[in-house]
Amino acid sequence: ATTAETIEQALYEVPNFRTKIELLGYFLSKTEEFSKVIVFTKTKDNANHIYRFLERKFGDESVRVIHANKDQNARLNAIDSFKNDNIRILVATDVAARGIDVSLVTHVINFDVPILYEEYV
């Protein structure tokens, strides 16, 4: 699969987790530009770390997290909140994110680049 021609992509090489999460916080502080964002990560632990960082920085009313340890209702509520613009940031593991269909997402950030190219696209 290939990405749509209307999608712009950028790669930022950063040396460690701390720098990467600070860069994420910097991007997301641009609320006008980054108004509806999905952040993908490989592991539940990373998803939880990112969620806690973003919750402290932007407040609980701005961000939710979904992964396999969350029950189905929590995942559905998080996705509905994101779809209905009640939150602007959704953090999700690659696996939990399968099947998410949300319109008008301004940015998709792969915090961890997926191993399989198909999962990235």
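The paragraphs below set out a description of the structure included in this document. (Residues numbered from 1 in each chain as written. Predicted model: local features only at pLDDT ≥ 70, side-chain atom pairs only at ≥ 80, totals over all residues. Heavy atoms only, no water.)

What to know about the packing of aromatic side chains
Which entries qualify depends on this criterion: When two rings of Phe, Tyr or Trp (its six-membered ring) have centres within 6.5 Å they constitute a pair, described as stacked for plane angles under 30 degrees, edge-to-face for angles over 60, and tilted for the intermediate range. A helix here means a DSSP run of H or I that spans at least four residues, while a strand means a run of E at least two residues long, and both kinds are numbered starting from the N terminus. Burial status follows relative accessibility: with a 1.4 Å probe on protein chains alone, a residue under 20% of its type maximum counts as buried, one over 50% as exposed, and anything between as partly exposed. Both a distance and an angle decide whether a charge sits over a ring: NZ of Lys or CZ of Arg must be within 6 Å of the ring centre and within 35 degrees of the ring normal.
Under the criterion given, the structure shown has 4 aromatic pairs. Residues Phe 17 and Phe 111 carry aromatic rings whose centres are separated by 5.4 Å and whose planes lie at 70 degrees to one another, so their mutual orientation is edge-to-face. Taken together, the residues span a long stretch of sequence, with Phe 17 in helix 1 (residues 17-28) and Phe 111 in the loop between strand 4 (107-110) and helix 4 (117-120) at a distance of 94 residues. Note on Phe 17: relative accessible area 32%, which makes it partly exposed. Seen in terms of ring centroids, Tyr 26 and Phe 27 are 5.8 Å apart; in terms of plane orientation they differ by 50 degrees. Their pairing is tilted. A residue is classified by how much of its surface remains accessible, and Phe 27, at 16% relative accessible area, is buried. In textbook terms, an aromatic cluster arises when at least three aromatic residues are bridged by ring pairs, as seen for Tyr 12, Tyr 26, Phe 27 and Phe 34. If you follow Lys 36 out to its NZ or CZ, it ends over the ring of Phe 82, 5.4 Å from the centre.

Structural notes on the sheet that holds strand 3 (residues 89-93)
Heads up, the condition is: If DSSP finds at least two bridges between two strands, the strands pair. With axes taken as lines fitted to C-alpha atoms, and helix axes fitted only over the stretch in contact, angles between N-to-C directions fall between 0 and 180 degrees.
One open sheet holds the 4 strands; their spatial order is 2-3-1-4, and the pairing between them is parallel. The open sheet has two edge strands, strand 2 (63-66) and strand 4, and neither has a second partner. Pairwise comparison of adjacent strand axes, ignoring direction, gives a mean angle of 15 degrees for this sheet.

A word on the pairing of strand 3
With 5 of 5 residues buried, strand 3 is to be regarded as a mostly interior element. Burial of the side chains of strand 3 extends over both faces: Ile 89, Val 91 and Thr 93 are buried on one face and Leu 90 and Ala 92 on the other. Pairing between strand 1 (residues 37-41) and strand 3: 5 bridges, direction parallel. In the strand pairing of strand 3, Val 37 is matched with Ile 89. Bridge count for strand 2 against strand 3 is 4 bridges, and the pairing is parallel.

Examining the packing of helix 1 against helix 2 (residues 44-58)
Basically, it comes down to this: Geometric relationships in this document are graded by angle, where less than 35 degrees denotes roughly parallel, more than 145 denotes roughly antiparallel, 65 to 115 denotes roughly perpendicular, and other angles denote oblique. A crossing counts as left-handed when the near helix is turned anticlockwise from the far one by less than a right angle, and as right-handed when that turn is clockwise. A contact between two residues is defined here by any heavy atoms of the two lying within 4.5 Å. Throughout this entry, Asp, Glu, Lys and Arg are counted as charged residues, while Ala, Val, Leu, Ile, Met, Phe, Trp, Tyr, Cys and Pro are counted as nonpolar. The remaining residues, Gly among them, count as polar.
Packing of helix 1 against helix 2 leaves a shortest axis separation of 11 Å and a crossing angle of 45 degrees. The orientation of helix 1 relative to helix 2 falls into the category oblique. Helix 2 is crossed by helix 1, and the crossing has right-handed handedness. In contact with Phe 17, Arg 18, Ile 21, Glu 22, Leu 24, Gly 25 and Leu 28 of helix 1, helix 2 contributes Asn 46, His 49, Ile 50, Phe 53, Leu 54, Lys 57 and Phe 58. Here the contact of helix 1 with helix 2 is built from residues that sort into 8 nonpolar, 3 polar and 3 charged.

A short note on the environment of Ala 10
Mapped onto the elements of the fold, Ala 10 is located in the segment before helix 1. Here the alpha-carbon distance between Ala 10 and Ile 109, two residues 99 residues apart in the chain, equals 9.7 Å.

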